[in-house]
Every structure is written in structure tokens, then in C-alpha cells.
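One-letter residues, chain by chain:
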Amino acid sequence: MNGAKIIGIVMAFIVISALLITIVLFKGNDQDNERINIVASFYPVYTAALRVADGVEGVKVINLTPAQTGCLHDYQLTPDNMISLNKADILIINGAGAESFLGNINENHPDLNILDTSKGIELIKGGNSHRHEEEQEESEEYNQHIWTSPTNYIKQIENIRDGLIGIDPDYADEYKANAEKYIGQIKEIRSELLKAADNLFTKYCIIFHGSLEYIAKDLGLVPLVSLSSGEGAGISAADLANATRVADDAGKILLIYDNQYDAEYNSVANGAELSKILKIDTAVTGDNNDSDAWIDAMKRNLNEIKKAAA
């Protein structure tokens, strides 16, 4: 081996060693600055956690699932997810059965603090409302899309606030101030949504996804039929025929879609005296850097409702 090759090998070794040392030091410093690692299960819970923990010293919030995942019905854990959970001090979940992909998280991570944001929220089951029982573990039968309701989302923020204060009491004032500010914004947009909904030409609606049930209830709307479209689900001819009869009898009807999916069943209202399409943003996807994503989604919904009311 000639001298040039030896020098090249030595230089490469020095460069690689320097890089490894830099990475180790960076990770060490990063860990020193993080007192608490918070993992949120998916986007709506993640943006809520960002707001409540905003600016709190040594607290890091990450989103377990990609921001464009949407609802978690078919999600499966990845190796990266497992690494994030192993590093987590706190896991914030939506609850109501949304995180079934986590399996027996308590058994696999016995030291992990889990904050269930659905606690105290009245859940919808088969069109009827039921109080969420604390001991209830398996709740796939309940509608999971609680965050779409401003009223429910306020309760989720309060649950996050109280949970973080319980775990990190020295920073209680920061958590309280952040939550108070965010809840104030949610109440403001909720008030505007209610005013706009009061001006709609009818309260009767047909909804085309379960994600819309909670927000419809919040706005005082009355779903006469609830159908399930999108995510590969098809609506049967019998269900469409029933929806058509209901729309005809109602005379005036809103057709409400989750804006993740196509508005493809509008013909059910062809015989109605008046019908309009309303596409609702359920705030389930977005940008990981946008902590105002939920508020922005509701502002878009406000504009849609105003257009339908015009």
C-alpha cells in the first residue's frame, strides 16, 4: 500500500470519527434540553398538544403518525413509531377507540404516561349518545371523531392541560395560560359557526361520513340519514334509495361531506325542493409546523356554511 493510500485512509478515518463525535455530542445536548418527550397519536391531537405545551422549557412534542395520515382506521405501527414510543415520557391519544393500532400499549410500555383526551366527552354510538366510562377499553363501536366538534375539542384541550400539569406541575402556569388562550380562540370560532348555522335554510341534513356527526350536533343540525362514503366504502342501492325518499320528504336538505372525499351522491336530493352541498374540513391532516391547523380548518368551514346560507 503506497503512502498516498495510507494518508487517504487516515484522513477518511479522521473525518468519520469527527462526524460520529459531532452526532453523539448533538444528541447528548438535545437530550439534556428535553425534560419531557411528548408523543401525540395523530394530527388533531398533535396540534392541540403543540398549543398547550408551546414555549414550555424542555418539552418536545412530536406527531407519532404522518400529518397526512388522516383517520387511523387502517394504520399500522412502523419501526420509527416504536422508536418514538420507546423514547416518550407521555403519550397523548384521542381515545374513543381511535388508536386501536397501538395494541396493548400499557403492557408494552408500563412506564409511559398516557393522556386520553376523550375522558368526560359524551360519545356517539349508533346515533345515540353515551357517557364515556373510564373503565371502557374497547370502544370501536363508538364514533371516534370527537375533535371535529368545537365543544369536544375544548374538553380535549382541558384534558391535555390537566394531564400535563399533573405530570409537570412546576410549569402549571404556562400550561394554563396556553390552554386558556387556545380555548378562547376555539370559543370564538364556535360562536361564529353557530351564528352562521342559524342562517342556514334548513337544519335537516344527510351526512356522508361518520366524521361529521359530532360537528353536526354542535351546530344544531339534524342528520336524517348517516351514510358512509370514502375510504373504499360504497353505499348500497337500498341506502341510497332510502336517502332519496328522506330528501324528498324533507323538501329542503343539506348534503354534508367530509372534504377528504368526493361529493358523489348528490343525486339523492334531485327530488328535493332545495338542496345544497356542504363540504366540511375535519382538521385531520395538515403541516406538522402548523399549530393553528384546527382553527384554520374551522375558519374554512365557517366560510362554507356562510356560502350555503347565502
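Quick look at the structure, then. Since this is a predicted model, take the numbers as computed values, not measurements.

1. Let's talk about unusual backbone geometry
Unlike most non-glycine residues, alanine 96 shows phi in positive territory, near 60 degrees. Along the chain, the position of alanine 96 falls in the loop between strand E3 (90-93) and helix H4 (105-108). Although it is not a glycine, alanine 283 sits at a positive phi angle of roughly 60 degrees. For alanine 283, the location among the structural elements is in the loop between strand E10 (274-280) and helix H9 (293-309). Among the residues examined, alanine 283 registers a relative accessible area of 4% and is labelled buried.

2. Things to note about the nonpolar core
Within soluble globular proteins, side chains that are nonpolar tend to cluster in buried spots. Ile38, Ile157, Tyr175, Ile256 and Trp294 are the most contacted members of the largest nonpolar core, which totals 72 residues. Top element by residues in this core is helix H6 (residues 172-198). It accounts for 10 residues. Beyond its immediate stretch of four places on either side in the chain, tryptophan 294 contacts Trp147, Ser149, Pro150, Tyr153, Tyr182, Ile186, Ile189 and Ala283. Counting 15 residues, the second largest nonpolar core, distinct from the first, contains Ala247, Tyr265, Ala269 and Ala272.

3. Some words on the sheet that holds strand E8 (residues 222-226)
Spatially, the 4 strands line up as an open sheet ordered E8-E7-E9-E10, and their pairing is parallel. Among the strands making up the open sheet, the edge pair consists of E8 and E10. Across the sheet, the mean angle from the axis of one strand to that of its neighbour is 30 degrees, orientation sign disregarded. Of the strand pairs in this sheet, strand E9 (residues 252-258) and E10 are connected by 7 bridges, and their pairing is parallel. Among the inter-strand pairings, tyrosine 257 is bridged to a residue of E10, identified as lysine 279. Sitting on the sheet, helix H8 (residues 237-250) touches strand E7 (204-207), E8 and E9, and the angle it makes with E8 is about 155 degrees.

Criteria and cut-off values
Sequence order as written defines residue numbering, which begins from 1 separately in each chain. Since the coordinates come from a predicted model, pLDDT governs what is reported: local features require at least 70, and pairs of side-chain atoms require 80 or more to be given and counted, while whole-chain, interface and lining totals use all residues. Only heavy atoms go into the side-chain values, all of them from the structure, while hydrogens and water stay out. Numbering of helices and strands starts at the N terminus; helices are DSSP runs of H or I of at least 4 residues and strands are runs of E of at least 2. Residue burial is assigned from relative accessible area. The probe radius is 1.4 Å, only protein chains are included, and a residue is buried under 20% of its type maximum, exposed over 50%, and partly exposed in between. Think of a nonpolar core as a cluster: buried Ala, Val, Leu, Ile, Met, Phe, Trp, Tyr and Cys residues, connected wherever their side-chain atoms sit within 4.5 Å. We call two residues contacting when some pair of their heavy atoms lies within 4.5 Å. DSSP-based pairing: two strands are paired if at least 2 bridges between them are found. Axes here mean lines fitted to C-alpha atoms, for a helix over just the part in contact, with angles spanning 0 to 180 degrees between N-to-C directions.

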